[in-house]
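Overview (structure and organization)
Residues per chain, in single letters:
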Amino acid sequence: MKMKYLKIAASALAIIGMNACKPSADKTSSGSFLAGDAAEKVYVKPGTHDEFYNIVSGGFNGQLSVVGLPSGRTLKIIPVFSQFAESGWGYSEETKPMLNTSHGFVPWDDSHHVALSTTKSEHDGRWAFINGNNTPRIARVSLSTFRTEEIIEIPNSGGNHSSPFITANTEYAVAGTRFSVPPDNNADVPISSFKQNFKGYISFVSIDKATGRMGIKFQLKTPGVSFDLARAGKGKSADWFFFSTYNTEQANTLLEVNASQKDKDFILAVNWKKAEEYLAKGKGKKEAAKYAHNVYSEETHSATSTILNEVMTLDPKECPDMLYFMPCPKSPHGCDVDPTGQFIVGSGKLAAVIPVFSFDKMLKAIANKTYDGNFDGIPVLKYDAVLHGEVKKPGLGPLHTEFDGQGNAITSFFVSSELVKWNIAKLEVIDRVPTFYSVGHLSIPGGPTAKPYGKYVVAYNKITKDRYLPTGPELAQSAQLYDISGEKMKLLLDFPTVGEPHYAESIPASLIEKNTKKIFKLEENKHPYVAKGEKETKVVRKGNEVHIYMTAIRSHFSPDNIEGIKLGDVVYFHLTNLEQDWDVPHGFAVRGALNAEILVMPGETSTLKWIPTKVGVTPMYCTDFCSALHQEMQGYIRVSPAGSKVPLSWGTGKNPVSDAEKKVAKR
Amino acid sequence: MKKIIQMLTLLPFFLWSCGGAEQRADTPKTDDSVLEKQEEVHGQEVKELALSTPLDQAMVKEGLAIYDLKCSACHKLTDEKLVGPGWTGVTKRRKPTWIVNMITNVDMMLAEDAEAQKMLEECLVRMPNQNITATEARSLIEYMRQNDGEK
């Protein structure tokens, strides 16, 4: 037994890295880090609600999780860049266009960063944005229906990591490319011509105030570096956007070594208002680029995908005073702006300090041209001239910083596996607490806004090891909730997450729940194949296509007996849920369906395509337990051989019970 | 008067929704009561309902449209029981207020009304909330009266 514990401890140490400033990794975590009243603080009484919605990225599952805080209970998974067999998202005819791209149907992505919409840098509870890292995309998710409403692909990008961070009033979401790439319309160049041909494109995606509709307003063709993370300014710095960069060495191979040569990389400061001015002055140039724009309509319950063919670009060489580089040690990852908009915190993954930049000093250095040369024509500001100060010996491997609204910052440290709280003005470490193990992102409710709520911080850990019951080689990713209301951070709760969360945001429940959509009104349903009442149900043949206008209500389908389908037909079940009560979805499944089942919400119409493969009578049924007679919610569809003369017929039949009763009554 | 009371009860809800700049509090409030309220008129008991003769044909027409969209899947116009009872004779068996409350205030009816509870035991499917307003329910009454032979 002892031996086993030693082994676990040894492996944990190996992960965390051996080093003096590492806090002791107490396996049971019952040390002084655990709050004495932890259970009470995370207990949400049966029948009551959590205080915060925690909107969590799913990483490699391409989804979003909705978690309640402080309980850590998972409430919903929202498919975004993924197919979801549970609801038919990405399988139903209506939702398939959402996953269309210039490459075709891409039903997967790596979704990293959540950005909740803001007004004046404060949460407004309207939308969540999230990036697709692999096939560059940005998605907008409604916080009223908790569904993905829009996805826009980003051209001229190789990995949309520095995204979708938003400006103060949600004017723009950004998309900085992680891989510099040659322009899409002239991309067949030698990889070794990186320095001549590759550009680090940054896209500014405009967001319509009323509808949230997205469009690429312009792309900045910046020098070929890797953009990592970003944050918009706030308050006085609201016209600016800050991007961390790495690989300013401009290496195109063995980046592990070759992109870690310089002592300092850069934070790129972008004056986006200036970019808008240049655009208005006609400095923009339209370039050929192919990308998809997919929009889901709540009225038709259907998505459309449009391929666009050009994008507006701005060349910094023709737009002076728009971009400035601030040197930042060393391969910075997080680039976070404090609630006042005055301080920009760089987190150099490989640095031994946390540099904090001053916005006022930056403006002064720009005015006085306090330059340290230029990088590909873009002025590099002198490090000392823009620096507010450095936090010395904060820990190892700083990644991300969030703010508590009390003048403090909390930074995550991957290598030393801890959260460190420090004072922004004084640059002094106040407290440190271990994470189990190796924290990546962290999230404070309202942490990236102008008015953080504080109260909690969640650590999203990259390594789980022994924290939960083992489940084979693959383990649930572990998150940890800490109380930060006092000076000392206290561990409250471990909770498993879905996928691999990168960033997350938390927002008070009161800003979301009042807007929650309960039903879709039947009267407003504009689906082309809706059946508004059983009277409108029918089966229509168009060549080898068969369209079934079908309805569901507790607890039967109409029609539930269909004949006259032939092998070689393509059958579309257009199912309208006639219910108008909250929380009464119906499901639909047909034997042998090669796609998925569908879940249809009250008042919604959804379509399952079915290509029969066998002659015979095929059952179909409701998959969502809807009433005491749910098990009876079933029907048959008869498939005859190709060329068969069986006529198309359908019905919900007479009620046999009632007929039988009548016969009895007559006697 | 009823309308005014209704509006007054909804007032705090509207105030809440246009919180805007006031949304930020030190301890954000979680108010679950707004969630429990349906967006239409559910939960408001209809206590009086006056009928008039002859039938209001505009209401009959509206009632038929609502029937086709939201009722016909479960209720036949004959005496045949499908999911719920057929509508033939319903206006003779039940008071108009009873019918309207079954449509717009079904939770209260199933909790308090013995006749409604008896129906649930027979049908085993709760009469669903079909998001029908009291005014729309009034039109349904008119349509049911026509179905029962009234002019």
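1. Some points on the overall build of chain B
If you tally the helices and strands in chain B, you get eight helices and zero strands. When the 151 residues of chain B are sorted by exposure, 44% land in the buried category. When contacts within chain B are restricted to residue pairs at least 6 apart in sequence, those whose partners lie at least 24 apart make up 70%. Carbon and sulfur atoms provide 59% of the accessible area of chain B, an area that totals close to 8600 Å².

2. A few points about the pattern of salt bridges
Taken as a whole and judged by the stated rule, the model has 34 salt bridges over all chains. Close ionic contact of R140 of chain A with E149 of chain A constitutes a salt bridge, the shortest N to O distance being 2.6 Å. Residue R140 of chain A shares its accessibility class with E149 of chain A, and that shared class is buried. The partner of K221 of chain A in a salt bridge is E287 of chain A, with the nearest N and O atoms 2.8 Å apart. With K221 of chain A in strand β12 (residues 214–223) and E287 of chain A in strand β16 (residues 285–297), this residue pair connects regions lying 66 residues apart in the sequence. Take K221 of chain A and E287 of chain A: they sit in the same class, and that class is buried. Counted as one network, the salt bridges with shared partners bring together R138, E142, R145 and E150 of chain B.

3. Some points on the sheet that holds strand β2 (residues 63–69) of chain A
Paired through backbone hydrogen bonds, the strands of a sheet run either parallel or antiparallel to each other. All names here are of chain A. Read across the sheet, four strands follow the order β3-β2-β1-β33 without closing on themselves; strand pairing throughout is antiparallel. Both edges of this open sheet fall to β3 (73–79) and β33 (504–508), since each of them pairs with a single strand only. Strand-to-strand twist across the sheet, computed as the mean angle between neighbouring axes with direction ignored, equals 20 degrees. Pairing analysis gives five bridges linking strand β1 (residues 52–57) to β33, with the strands arranged antiparallel. Pairing of I55 across the sheet is with E505, part of β33.

4. Quick look at the layout of surface pockets
All names here are of chain A. Taken as a whole, the largest pocket holds about 1300 Å³ of empty space. The element best represented in the lining of the largest pocket is β3, accounting for six residues. Residue composition of the lining of the largest pocket, by class: 22 nonpolar, 13 polar and 11 charged.

5. Here's the deal with empty space enclosed by the protein
Residue and element names in this part refer to chain A. A complete count under the given rule lists six cavities of 30 Å³ or more for this structure. Volume-wise, the largest cavity comes out at about 160 Å³. Along its surface, the largest cavity is lined by 16 residues, and T118, I166, R231, K234 and P448 are the ones closest to its centre. Taken together, the elements giving at least two residues each to the lining of the largest cavity come down to β6 (111–119) and β13 (226–232). No other element matches the three residues that β6 contributes to the lining of the largest cavity. A class-by-class count of the residues in the lining of the largest cavity yields seven nonpolar, six polar and three charged. Considering only enclosed or pocket space, the second largest cavity measures out at about 70 Å³ in volume. Taken together, F165, L229, A230, R231, C335, D336, H400, T401, E402, H441, L442 and Y503 make up the full set of residues lining the second largest cavity. Only β13, β19 (332–337), β25 (398–403) and β29 (439–443) provide two or more residues apiece to the lining of the second largest cavity.

6. Structural notes on a nonpolar patch on the surface
Together, L396, F414 and V415 of chain A line one region of the surface with nonpolar side chains, adding up to about 200 Å² of accessible area. Relative to the helices and strands, L396 of chain A resides in the loop between β24 (387–392) and β25.

7. Describing helix α6 (residues 359–367) of chain A
Residues and elements named next belong to chain A. Looking at α6, one finds that the buried residues are F359, M362, A365 and I366. Mapping the buried residues of α6 onto a view down its axis gives an arc of 120 degrees, with all of them on the same face. Counted as exposed and oriented over 90 degrees from the buried face of α6: K364 and A367. Between a side-chain oxygen at the N-terminus of α6 and the backbone nitrogen of D360 the separation is 3.4 Å; the capping residue is S358. In the stretch just after α6, K369 is the one whose phi turns positive, near 50 degrees.

Rules and cut-offs
- Residues numbered from 1 in each chain as written.
- Chains lettered and ligands numbered in written order.
- Predicted model: local features only at pLDDT ≥ 70, side-chain atom pairs only at ≥ 80, totals over all residues.
- Heavy atoms only, no water.
- Helix = DSSP H or I, 4+ residues; strand = E, 2+ residues; numbered from the N terminus.
- Buried < 20%, exposed > 50% of the residue type's maximum accessible area, 1.4 Å probe, protein only.
- Contact = heavy atoms within 4.5 Å.
- Areas by Shrake-Rupley, 256 points an atom, 1.4 Å probe, with all protein chains shown as cover.
- Salt bridge = Lys/Arg side-chain N within 4 Å of Asp/Glu carboxyl O.
- Pairing = 2+ DSSP bridges.
- Axes fitted to C-alpha atoms, helices over the stretch in contact; angles between N-to-C directions.
- 1 Å grid on protein atoms, 1.4 Å probe; cavity = no way out; pocket = protein on both sides within 12 Å on 5 of 7 lines; lining within 4 Å.
- Points joined across faces, edges and corners; volume = space filled by probe spheres on them.
- Nonpolar A, V, L, I, M, F, W, Y, C, P; charged D, E, K, R; others polar.
- Patch = residues over 30% accessible without salt bridge, like charges linked within 9 Å, V, L, I, M, F, W, Y side chains within 5 Å.
- Arc of directions from axis to C-beta.
- Polar contact = N/O pair within 3.5 Å; in protein donor to acceptor, adjacent residues only side chain to side chain.

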